[in-house]
Structures are given as C-alpha cells and as structure tokens.
Amino acid sequence: MAIDFTQQRLAVKRSVQQAFQQNWQFKLEIEGQPTDFALFVKDVTYGLFTINTNPILTGASFVNLPHQAEPGLLTVTLRDHQDRRIHRWLLDWMARIQNPDGTLNPPLHPTLGYVRQLQLLQLTEQNNEQLINTFLVYPSQAGEITESYTEPGFLEFSVTFTRFR
C-alpha cells in the first residue's frame, strides 16, 4: 500500500494550525463571591454528565439501559488571602446549610437558601469571556488544609460543590 505523503503533510499542517483550548483559559464566577475571587481560583475539575445504568439479561447476554442521570460534582482548588477571606466566605456559606442545632435549611428558601449559581466561562484569545455552562451548586466538602514550616508555597485547599440539578 502506497503512503500518500501529501495527505499526511496536510493532516500535520491542520493539527499544527488548530486552535486547541488551553487548560488555563477559564474563569469561575459564583453568586455572592468576594470581589477578587478570580485571583484565588487555581483549578477546577468537573464531569460533564453521569448516566447510571441497569444491566438487563437478554438471552445469554446483557443490555445496559439508563435509569437515572446524576447532576455530578465540581471540585475547585482555591488559594487563600492572608486575611482568610475565602475561608470565611465558604464557612459563612456552609452555615446557611446547617444550623447550630443540627437542623438543615431548605436549599431554595428565599432567605435561608444556600443553592447558588456558578458560571464557568471560557477566556478566548480575543480577551472575551464566553459562557460554557451554568450550574446550581452548594459546597458539600472542603478538603484538608496543610500549613508547613518546611514546604514553601501558597495555602491551598479543595472545595467540592454538589450540583443541585
């Protein structure tokens, strides 16, 4: 079989000229965030969707049929300011979920509700912001904070947000 070098050269040229999305070209905006919140976001990890299935036996083999869709999670690694403003903002948000007596507030209550809108934006080469997705979220877990005398660096911690729907 003959190799078509012209086709290969064109394929390489197309891939080199492709404007691939860079992993740093994003911005998060959360309803009620501190004004300089974007400075403290290091990275975000999220799944596009999760479809759960049930295997159904059909003769000698199985067929997987979807039975539910899960909203999923978003995990954000955050840095904090020396005054711990991000830490305090998250603790205040968490306090809206659980009361001191252990009871939980309704998620969409007009005054006590804790579900907030999170927007994921793409930063384009032309310095524009383009909306990728909007999620309704609330914080469900904050990762451990490590402070160290021997390892220099910024104080970082992860926060997992549960998508409400």
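No experiment lies behind these values; they were computed from the predicted model shown.

(A) Local environment of the overall build of the protein chain. Scanning the protein chain from N- to C-terminus turns up two helices and eight strands. Secondary structure elements in the protein chain, listed N-terminal to C-terminal, are α-β-β-β-β-β-α-β-β-β. Computed over its C-alpha atoms, the radius of gyration of the protein chain comes to 22 Å, more than 25% above the 15 Å expected for a compact globule of 165 residues. If you line up the protein chain on its principal axes, its C-alpha atoms span 75 × 55 × 40 Å. Scored against the burial criterion, the 165 residues of the protein chain give a buried share of 24%.

(B) Structural view of the environment of threonine 150. Counting through the fold element by element, threonine 150 comes out in the loop between β7 (129-142) and β8 (156-163). Taking the C-alpha atoms as reference, threonine 150 lies 36 Å from glutamine 98; in sequence the two are 52 residues apart.

(C) Expanded view of the packing of aromatic side chains. All told, the structure shown has five aromatic pairs when counted by the stated rule. Relative to phenylalanine 135, the ring of tyrosine 46 lies with its centre 6.3 Å away and its plane at 55 degrees, an arrangement referred to as tilted. With tyrosine 46 in strand β2 (residues 41-46) and phenylalanine 135 in strand β7, this residue pair connects regions lying 89 residues apart in the sequence. Residue classification places tyrosine 46 among the partly exposed positions, given a relative accessible area of 31%. Each member of the aromatic cluster is reached from another via a ring pair, and the members are Phe37, Trp89, Trp93 and Phe161.

(D) Representation of the side chain of threonine 162 within the structure. As for its position among the elements, threonine 162 is in strand β8. Assessed through its relative accessible area of 17%, threonine 162 is described here as buried. There is a polar contact of 2.7 Å between the side chain of threonine 162 and the side chain of serine 140. What threonine 162 contacts, discounting residues up to four positions off in sequence, is Gly72, Leu73, Leu136, Val137, Tyr138 and Ser140.

Rules behind the numbers
Residues numbered from 1 in each chain as written. Predicted model: local features only at pLDDT ≥ 70, side-chain atom pairs only at ≥ 80, totals over all residues. Heavy atoms only, no water. Helix = DSSP H or I, 4+ residues; strand = E, 2+ residues; numbered from the N terminus. Rg over C-alpha atoms; globule rule 2.2 N^0.38 Å. Buried < 20%, exposed > 50% of the residue type's maximum accessible area, 1.4 Å probe, protein only. Phe/Tyr/Trp six-rings, centres within 6.5 Å; stacked < 30°, edge-to-face > 60°. Polar contact = N/O pair within 3.5 Å; in protein donor to acceptor, adjacent residues only side chain to side chain. Contact = heavy atoms within 4.5 Å.

Function cannot be inferred from these measures alone, as they are strictly geometric.
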